[in-house]
Amino acid sequence: MTSTYTSALDQYKTFYKKQLLEDTLPFWFPRAIDEEYGGYLLMRDADGSLLDDDKAVWIQGRFAWLLSTLYNTVEQKAEWLEGAKKGIDFLRRYCFDEDGRMFFHMTRGGKPLRKRRYFFSETFAVIAFAAYAKASGDKEVADEARRLFGKCLEYATTPGLLEPKFTGTRPAKGISIPMIMLNTAQQLRDTIGDERCDEWIPKWIAEIEQDFVKDDIRCVMEQVAPDGSLIDHFDGRTLNPGHAIEGAWFILHEAKHRNNDPHLINLGCRMLDYMWERGWDKEHGGILYFRDMYGKPVQEYWHDMKFWWPQNETIIATLLAYLMTGNQKYAGWHQQIHDYAYQHFHDKENGEWFGYLHRDGRLSSTIKGNLFKGPFHLPRQEWYCWQVLEAFQK
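Residues numbered from 1 in each chain as written. Predicted model: local features only at pLDDT ≥ 70, side-chain atom pairs only at ≥ 80, totals over all residues. Heavy atoms only, no water.

Trainee: I'm lost on the overall build of the chain in this one. Help?
Mentor: What the chain contains, in helices and strands, is 13 helices and 14 strands. By principal-axis analysis of the C-alpha atoms, the chain measures approximately 55 × 50 × 45 Å. Counting every position in the chain, which comprises 394 residues, the buried fraction comes to 58%. With the model as given, the accessible surface of the chain reaches about 16500 Å², and the carbon-plus-sulfur share is 48%. Taking the 49 positively charged and 57 negatively charged side chains of the chain as two groups, their mean positions are separated by 1 Å. (Helix = DSSP H or I, 4+ residues; strand = E, 2+ residues; numbered from the N terminus. Buried < 20%, exposed > 50% of the residue type's maximum accessible area, 1.4 Å probe, protein only. Areas by Shrake-Rupley, 256 points an atom, 1.4 Å probe, with all protein chains shown as cover. Lys, Arg positive; Asp, Glu negative; His and termini not counted. Charge placed at Lys NZ, Arg CZ, Asp CG, Glu CD.)

Shown next, in the form of structure tokens:
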């Protein structure tokens, strides 16, 4: 490693730490705390003003995870732990249906508005409960995290359990389930522990590698047939490069956990390589939202927009790939995506990032918080990159 890039890594570490603690987090905390009903008010415009007081269950869990994680890894600030408890209490009190499933969309006061058949609300609750249990020492919340993880295992491994009665005549499976379960298990293992995590993590990685990573066409699929074969229809051909790249860094993180396992490093880097090639916009920069496997037109009209979160995941993946391989290609990619994202998405006046840009980098909307965007992908990226650089330089 050259001394020049060693210096650059130190600058990145300082930058990510500063951005997280002095720019991103202050946009949300403490203004988002709902002192009246609990939980968080996260649907915000550029200046932080409230656009809607509904609550997305995903992001209630994600923000509770973030505040708990900062308490566990950065500094034991009482206000972070108290803020995390606001989200944990809201989730436990209001966000579970009578059948044990979680809702997706709530009113401010905790009345359910929507419930979906997938179980991502549950996975985000698992990581929130686990991180908070570690921070607080609350054994009841720890037990709830492990119980809920067991329910997620049941949902993930019982075909048709959460599906509607009619699922059509073209069966398919998505990469989302093994990916989110992989990361959920990693978070649970790294906070309060659960013996099932190390049993299941290799299985989900193997499924991703065997069924979704297609080396012959240098591609990571979002959806395949149950046997892993390609589905030559709109949905089957649609790729989400940022999502696959997120999966790549989950696998690189696991490689790091397993003493730099060479097979997992190779797998994570292949996934990153394939989807950078397909996702990086050579004309304008940034990661495109959707691409077609064969370069054909994509059905979704937002296919060529730039969303915030694929940029966050690519910043993590390229940095981690460089630190684990020393390959200068990844150093260059990290610099490219970092420079593009902070130039185009960052709101220098109010802090945080805008969520949605047109392909050429023009702002599509000033919104910073909605049912899907909130304090998660960006602060997780800044926290993770800061922490991994800190560990690397020791």
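Trainee: Can you help me understand the nonpolar core in this one?
Mentor: The tendency in soluble globular proteins is for nonpolar side chains to be buried side by side. Formed by 138 residues in total, the largest nonpolar core has its most connected members in Phe 63 and Phe 149. Looking at this core, the element that brings in the most residues is helix α4 (residues 120-136), giving 12 residues. Filtering out sequence-adjacent residues up to four positions away, Phe 149 remains in contact with Val 126, Met 181, Thr 184, Ala 185, Leu 188, Asp 194, Arg 196, Cys 197 and Trp 204. (Core = buried A, V, L, I, M, F, W, Y, C linked by side-chain atoms within 4.5 Å. Contact = heavy atoms within 4.5 Å.)

Trainee: Whenever I open this one, the side chain of Asp 34 confuses me. Can you help?
Mentor: Looking at the secondary structure, you find Asp 34 in the loop between α1 (3-28) and β1 (43-44). When near neighbours in sequence (up to four residues on either side) are disregarded, Asp 34 contacts Gly 39, Tyr 40, Leu 41, Lys 55 and Arg 108.

Trainee: Would you explain the sheet that holds strand β13 (residues 356-357) in this entry?
Mentor: Note on sheets: strands pair through backbone hydrogen bonds, and any given pair is parallel or antiparallel. Taken in spatial order, the 3 strands of this open sheet run β12-β13-β14, and their pairing is antiparallel. Across the chains shown, the open sheet's two edge strands, defined by having one partner strand only, are β12 (306-307) and β14 (363-365). Note that β12 and β13 share 2 bridges and pair antiparallel. The residue bridging Phe 307 from the neighbouring strand is Tyr 356, located in β13. (Pairing = 2+ DSSP bridges.)

Trainee: Explain unusual backbone geometry to me, please; I cannot follow it from the model alone.
Mentor: Working note: non-glycine residues mostly have negative phi, and peptide bonds are mostly trans. Residue Pro 30 is bonded to the preceding Phe 29 through a cis peptide linkage, with omega at 10°. Note that Pro 30 resides in the loop between α1 and β1.

Trainee: Would you explain the packing of aromatic side chains in this entry?
Mentor: Pairs of aromatic rings are described using the distance from one ring centre to the other and the angle between the two planes. According to the stated counting rule, one finds 37 aromatic pairs in the structure shown. For the pair Phe 104 and Phe 372, a centre-to-centre distance of 6.0 Å together with 45° between the ring planes defines the contact as tilted. Here Phe 372 lies in the loop between β14 and α13 (377-393) and Phe 104 lies in the loop between α3 (78-94) and β4 (105-106), a separation of 268 residues in the sequence. Relative to Tyr 384, the ring of Trp 383 has its centre 6.2 Å away and its plane inclined at 65°; by these criteria the two rings are edge-to-face. Its relative accessible area of 12% is what places Trp 383 among the buried residues. Taking the ring centre of Phe 234 as reference, the NZ or CZ of Arg 237 above it sits at 5.5 Å. (Phe/Tyr/Trp six-rings, centres within 6.5 Å; stacked < 30°, edge-to-face > 60°. Lys NZ or Arg CZ within 6 Å of the ring centre and 35° of its normal.)

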